[in-house]
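# Observations on the model geometry
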Amino acid sequence: MCLGIPGQIVEITDAGRKLGVANVSGVRRPVNLACVIGEGSVEDLIGTWVLIHVGFAMSKIDEDQAAETLRILTELGEAQQELAAMRDGDRALGDAQW
Amino acid sequence: MKYVDEFRDPVRAGVLLKEIEALTAQIMAGRDRPVVIMEVCGGHTHSIFRYGIEKMLPPEIEFAHGPGCPVCVLPMGRVDDCVELAMKPEVIFTTFGDAMRVPGSRLSLLGAKAEGADVRMVYSPLDALALARANPDREVVFFGLGFETTMPSTALTILQAQAEGIGNFSLFCNHITIIPTIKAILDSPDMGIDGFLGPGHVSMVIGTDPYDFIARDYHRPLVVAGFEPLDVLHSVWMVLRQMAEGRAEIENQYARIVPRYGNEASLAAVTEVFELREFFEWRGLGSIDHSGVQIREAYAAWDAERKFAVASPSIPDPKACQCGEVLKGAIKPWQCKLFGRSCTPETPMGALMVSSEGACAAYYQYGGIDAVPEPAQ
Amino acid sequence: MNAVTPTGNGRLRAERVTLAHGGGGKAMRDLIEDVFTSVFEPDGLEDQARLSHEMLAVEGARLAFTTDSFVVQPLEFPGGDIGKIAVCGTVNDLTVGGAQPLWLSAAFIIEEGTEVALLRRVAAAMRRAADQAGVRIVTGDTKVVERGAADTLFVTTSGVGVIPAGRELAAEKVRAGDVALVNGVLGDHGAAILAARGDMVFEADIRSDCRPLNHLMEAVIEAAPGVRCARDATRGGLASALNEISQASAIGIEIDEARLPMRAEVKGVCELLGLDPLYLANEGALVLFVPEEQAEAALAAMRSTEAGRDAAIIGRAAEMRSPRVVMHSLFGGSRIVDMLVGEQLPRIC
Ligand code: SF4
C-alpha cells in the first residue's frame, strides 16, 4: 500500500499551482508541493528532501530524526560488541586461572 | 540513494536480529504459542517478502498479513463499476497499474481494455488531470483507490480541477480508511494478534494519535513502521521490547517521515473534499461502518459516481474463498483450500492473489518461509 | 565496418507511404529499392537470397535459423529504434544458441501514412547494426496496410547462422557449481522505453542497451570453451532467462542482489514506480553459465569487449530440493525469483 520514495526538490516549475520537479536517483518527476509548503514560500523548498507518493510531495524528511534512528541502531551494535568483548575477556581470564 | 540505502544496511540488521533473538527467548519463556505480529499495510507485506525478512527472524515470530492493500480488499462489485465506466465510449478510464488485473464478476480492467475500453495506466492523479486538459472532448475518470495516504492527492487534484474549471475530469472514489478496519479485526473473535506494525505512510497523513485506542482499549502495542527492511526489523524489535516489558503503547519508528499530528495541509484538503460513508464493503471482510469516504455534495461535479449514476452491485465473494480469514490473520494463505489450486496469480479467485502486496500472491510468488528451498549443500 | 552507411537511390519522392506503395507497381519498387535494398545491399539484391555454403563444408557444422517480430513503441527511443532492435534481436537469438550469425531477412508491415523519412532512419539503423554485427541483410519484403491495421511499423527479421563443429550450448548442460555471468547493466532498455512512452511522466538519462552480442560471445567461447549455455535477457528480464535455464536444467540457481550491475537511474525508476528491475527487458544483455574454473577467464574476455565492459559474476547453479531461482538480498535474507505472470505493472497505491 502507498508506495513512497524519498526525493529531492530540484526545481519549481509553477509556483502558483505549487508544482515542482523532484529528483529520485537521477530520475526527474513533476510533483505537487501543496502538502509540504507550510508557512514558507515555494522557492524555499529547493534542496528539500521529501517523501513522494503518486506525484505528490507528502512529507518533508526530518534529517535529524533519520540520523537519530540510525544512531540508536549503531549504539545497539556497539553495546553488543562491548558485551561480546567482555565475554571474551571473562573467558580469557578463566583460561588464565585454569 | 539517500534515506534508502542506509536503511538496507545488513550490518545493522545483524545487530537487530541478535537483539530480537534475545527478546524472543525472554518472551517465549512464559508462553507456549508463537508471537503474532500483524503488519497492517501491504507495503510492509511486500518488504517482508522482497527481503526475506520472515525467514531471518526466530521461528517463534510470525507475521499476520493485514488488510492494508487497497487493491486486495476491493469488492468485486466495485471492479464491475470500473469496467462499466471504462466501457463508455466517451470515457478515458485512468488507473494505477495495481488495479488492472483485479477480477470483476466478468472482466478485469485489463480484460475491458482488450474488449475496446480506453483504459490507461497513470502514475499520478495529476497525470489523469493532464489527460483531461489534453482531451476536452472526452470524459476522463480517475479510479481513486487507496487509504489515507492517497486521499490528499486525489482531493488536491479535484481542487485543482475546480480551480481551473476542468469539467471533463471526475474521480471514482474508492478510498478507504484504515482505523475502523483495524478495530474490526481487533473485535473479531478469532483474533490472535499480539502486536502491530502501523502503516507508515498512512500515518504521515493522519499522525499517530488515532491509534491510541489500540493500546488503551485493546492493550496491544503498535509501532508505526517505515518500509525499508531495516525499518521493519527495527519496528519488530520495538514491538517485542514492549511485550517483554509488559507495555502496550503507540510508538513511532518512522519519525523521519511521520510527524505526531500528521500533515495539516493534507488533512485540510481531505476534509474539504471528502466525507465519511456510512459503510463500505471490503472484499473478505464484509461491510465495515465508516470505513470509506465519498465526495462531498459541493464537489459533485467531479464525482464519477454521481455523474455516471454508477450501479455498485453487491456481489458476494466466491464461496470457497477464504480471503477474510487470511486478512484477519486467522489462517495462513496456504491453508485456504483454493490456494495454488483454482486460485493462482494467473487465475486469481480472491483479491489477495492479485497484487504482489496481497498475502496469497506474495506467498505464491516469493514462496513464503517454508517454500523457499534450502540449497542442498 | 563500413564508415558510411549507404543512402538510398533517391527515386522515391513521396513524403508518406500510401497504399500505392504496396500495389506491386513502380511506386512499390521505388519504396523497396530506394528505402531498403540500396541501403542494405547497394550492389543489388535478388528477391531470393542465394547463399554460399562454404562455411558449412566443415564437418559437424550446423545451420541455425531463427525468427522474431518487433512491435516496440515508440519506434524511436534513446539508444535505438525498431530497426536496430530487429537486427540485434535476431543476431542475439542466434548468438546465445552458439551460432555465428551471417544472414538476415527483414520484412516490414507499414501502415499507410507512415513518414518515409522514418523508414529511411530505420533502414539506416538496421544497416549500421548489421555492419556492427558483421551480418548482411540479404532478403526482405514490404507490405502496406490500411490506416489502423498496424501501428505505423512492424518489423520481422529472420536469421541464419552457422554453429561451428563441436560447439554445443544447452541449458541442460548446466551443473551445480557452474558460475553465472551477465555482460552488463540490467534494465536499461525497459526503463528507457518506459521513459520514452511518457505515460508515467518522468525524465531520466537512460538509453536502451540495444546492441549485437555476437563478438562478445565469440570472445567468451574462445577464453572459456566450456561455456554451458547462454540466454538473452530480453522480455521478462534476467528473472525469466534464469527461470528458463533452471527449468531446462532441473537445477537451482542462486544470485546475489549485491552483484547485479545496475544504473542508479534504473533503480530510481523502479523505486518510483514499484517495479522489479529483475523483470525489466534488455536488448543487449545476456546471462551465461560456465564451469567454475573458467569463470574468471570468461569474465575477463567479456570485459575486453565493448558490450561487456560492465560484466559481472552474479551467482551460481546449485543443487536444490526443488530447483528454483533464489536471490540473496543485499539485506541478508533470500527470496524466490519466479517467472512473471503476464506483464509487469507499476505498483503504486
Ligand atoms: S488463496 Fe485465493 S481465495 Fe484463498 S484466501 Fe488467498 S486469494 Fe483468497
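Everything numeric in this text was worked out from a predicted model, so none of it was measured.

Time to look at the pairing of strand E4 (residues 49–53) of chain A. All names here are of chain A. Extensive coverage of E4 is indicated by the burial of 5 of its 5 residues. Alternating positions in E4 separate into two faces, Trp49, Leu51 and His53 on one and Val50 and Ile52 on the other, with burial throughout. With 4 bridges joining them, strand E1 (residues 5–14) and E4 adopt antiparallel strand pairing. Note that in E4 the partner of Pro6 across the bridge is Leu51. In this structure, E4 lies alongside strand E5 (residues 56–60), joined through 4 bridges in antiparallel fashion. Its bridge partner being in E5, His53 is matched across the sheet by Phe56. Two successive antiparallel strands, E4 and E5, enclose a turn made up of 2 residues, where Val54 displays a positive phi of approximately 40 degrees.

Residues given the UniProt feature "domain: PurM-like N-terminal" (unreviewed entry) here are residues 59–163 of chain C. Taken end to end, residues 59–163 of chain C has its terminal C-alpha atoms 11 Å apart, with 31% of it in helix and 44% in strand.

Residues and elements named next belong to chain B. Summed over all chains, the structure comprises 14 aromatic pairs over all chains. Seen from their ring centres, Phe49 and Tyr363 are 4.9 Å apart, and the 70 degrees between their planes marks the pair as edge-to-face. In this pair, Phe49 is assigned in helix H2 (residues 42–50) and Tyr363 in helix H15 (residues 359–366), connecting sequence segments 314 residues apart. Of the two residues, Phe49 and Tyr363, both sit in the buried class. Each ring, one from Phe227 and one from Tyr254, has its centre 6.1 Å from the other, and the planes form 80 degrees; the classification is edge-to-face.

Residue and element names in this part refer to chain C. One open sheet holds the 7 strands; their spatial order is E9-E11-E7-E12-E10-E13-E14, and the pairing between them is mixed. Across the chains shown, the open sheet's two edge strands, defined by having one partner strand only, are strand E9 (229–232) and strand E14 (334–336). Pairwise comparison of adjacent strand axes, ignoring direction, gives a mean angle of 25 degrees for this sheet. Packing of helix H8 (residues 295–303) onto the sheet brings it into contact with strand E7 (179–182), strand E11 (286–290) and strand E12 (312–318), and relative to E7 it is tilted by some 5 degrees.

Once that is clear, we can look at the domain arrangement of chain C. All names here are of chain C. When cut into domains, chain C gives domain 1 (19–163) and domain 2 (171–336). If you average the C-alpha positions of domain 1 and of domain 2, the two centres end up 27 Å apart. Residue-level contacts link 21 residues of domain 1 with 22 residues of domain 2. Summing both sides of the interface, domain 1 and domain 2 together bury roughly 1800 Å²; the carbon and sulfur share of this comes to 61%.

In many reports, interface size means the accessible area that the parts give up when they come together. Each partner contributes residues to the interface: chain C has 16 residues there, and chain A has 13 residues. Roughly 1200 Å² of surface becomes buried between chain C and chain A when both sides are summed, with 63% attributable to carbon and sulfur atoms. A per-residue breakdown of the area chain C buries against chain A is headed by Glu203, Leu272 and Ile348 of chain C, which together make up 40% of the total. Counting the contacts that link chain C with chain A gives 1 salt bridge. A salt bridge links Glu203 of chain C to Arg28 of chain A, with the shortest nitrogen-to-oxygen separation between them at 3.6 Å. Linking chain C with chain A are 4 residue pairs in polar contact (both at pLDDT 80 or more), by the criterion used here. Elements supplying a minimum of two residues to the side of chain C that touches chain A: strand E8 (203–204) and helix H7 (264–273) of chain C. Looking at the side of chain C that touches chain A, the element that brings in the most residues is H7 of chain C, giving 7 residues.

This next bit is on the sheet that holds strand E6 (residues 153–163) of chain C. Residue and element names in this part refer to chain C. One open sheet holds the 4 strands; their spatial order is E1-E6-E4-E5, and the pairing between them is mixed. At either margin of the open sheet sits one strand with a lone partner, and together these are strand E1 (62–70) and strand E5 (136–145). For this sheet the average axis-to-axis angle between neighbouring strands, irrespective of direction, equals 15 degrees. The sheet contact formed by strand E4 (residues 100–111) and E6 spans 10 bridges and is antiparallel. Following the sheet pairing, Phe108 is matched in E6 by Val155.

Once that is clear, we can look at the site of the ligand. Taken together, Cys321, Gln322, Cys323, Val326, Cys336, Leu338, Phe339, Cys343, Gly350, Leu352, Met353 and Cys360 of chain B form the complete shell of residues around the ligand. Split by residue class, the shell around the ligand holds 10 nonpolar, 2 polar and no charged.

Right, let's get into the side chain of Arg283 of chain B. Residues and elements named next belong to chain B. Looking at where Arg283 falls in the secondary structure, it is placed in the loop between strand E11 (279–282) and strand E12 (286–289). Here the side chain of Arg283 touches Leu74 through a polar contact of 2.8 Å, landing on its backbone oxygen. At 3.3 Å, the side chain of Arg283 forms a polar contact with the backbone oxygen of Pro103.

Let us look at the side chain of Asp188 of chain C. In this structure, Asp188 of chain C sits in helix H4 (residues 188–197). Contacts of Asp188 of chain C, omitting those with residues within four sequence positions, involve Ile206, Arg207, Ser208, Asp209, Arg263, Val266 and Asn282 of chain C.

So, on to the pattern of salt bridges. Inspection of every chain in the model, using the stated rule, returns 46 salt bridges over all chains. Between Asp187 of chain B and Lys183 of chain B there is a salt bridge, with the nearest N and O atoms lying 3.3 Å from each other. With Asp187 of chain B and Lys183 of chain B both in helix H8 (residues 179–187) and 4 residues apart, this pair spans about one turn of that helix. Taking the relative accessible area as the measure of exposure, Asp187 of chain B reaches 45% and is therefore partly exposed. The exposure class assigned to Lys183 of chain B is partly exposed, which follows from its relative accessible area of 37%. A salt bridge links Glu249 of chain B to Arg247 of chain B; the nearest nitrogen and oxygen atoms lie 3.0 Å apart. The class of Arg247 of chain B is partly exposed, set by a relative accessible area of 22%. Connected through salt bridges with shared partners, the residues Asp14 and Arg17 of chain A together with Arg133 and Glu164 of chain B form a single ionic network.

With that settled, the discussion passes to the interface of chain B and chain A. On the chain A side, the residues contacting the 51 residues of chain B number 37 residues. Summed over both partners, the interface of chain B with chain A comes to about 3700 Å²; 67% of that surface belongs to carbon and sulfur atoms. Along the contact surface separating chain B from chain A lie 2 salt bridges. The tally of links from chain B across to chain A stands at 12 residue pairs in polar contact (both at pLDDT 80 or more). When residues of the side of chain B that touches chain A are assigned to their parent elements, the largest contribution, 6 residues, is made by helix H7 (residues 151–164) of chain B. Residue composition of the side of chain B that touches chain A, by class: 27 nonpolar, 14 polar and 10 charged.

Residues and elements named next belong to chain A. Enumeration over the complete set of coordinates arrives at 1 disulfide over all chains. No disulfide involves Cys35; its sulfur sits 14 Å from the nearest other cysteine sulfur, which is in Cys2. Classification of Cys35 by relative accessible area gives buried; the value is 6%.

Turning our attention to the UniProt feature "domain: PurM-like C-terminal" (unreviewed entry) in chain C. Mapped onto this numbering, the UniProt entry annotates "domain: PurM-like C-terminal" (unreviewed entry) at residues 175–325 of chain C. Taken end to end, residues 175–325 of chain C is 34% helix and 19% strand, and its first and last C-alpha atoms sit 14 Å apart.

All right, on to the pairing of E1 of chain A then. Residues and elements named next belong to chain A. Two strands pair when backbone bridges link them, and E1 and strand E2 (residues 19–24) are joined in this way by 5 bridges, in the antiparallel orientation. Residue pairing across strands places Ile12 opposite Gly20, the latter belonging to E2. Between E1 and the antiparallel strand that follows it, E2, lie 4 residues; Lys18 among them carries a positive phi value of about 55 degrees.

Calculation rules
- Residues numbered from 1 in each chain as written.
- Chains lettered and ligands numbered in written order.
- Predicted model: local features only at pLDDT ≥ 70, side-chain atom pairs only at ≥ 80, totals over all residues.
- Heavy atoms only, no water.
- Buried < 20%, exposed > 50% of the residue type's maximum accessible area, 1.4 Å probe, protein only.
- Helix = DSSP H or I, 4+ residues; strand = E, 2+ residues; numbered from the N terminus.
- Pairing = 2+ DSSP bridges.
- UniProt positions renumbered as here; feature names shortened; annotations may be inferred.
- Phe/Tyr/Trp six-rings, centres within 6.5 Å; stacked < 30°, edge-to-face > 60°.
- Axes fitted to C-alpha atoms, helices over the stretch in contact; angles between N-to-C directions.
- Contact = heavy atoms within 4.5 Å.
- Domains from an automatic or database assignment.
- Buried area = accessible area lost by both parts, 1.4 Å probe.
- Salt bridge = Lys/Arg side-chain N within 4 Å of Asp/Glu carboxyl O.
- Polar contact = N/O pair within 3.5 Å; in protein donor to acceptor, adjacent residues only side chain to side chain.
- Near = heavy atom within 4 Å.
- Nonpolar A, V, L, I, M, F, W, Y, C, P; charged D, E, K, R; others polar.
- Disulfide = S-S within 2.5 Å.

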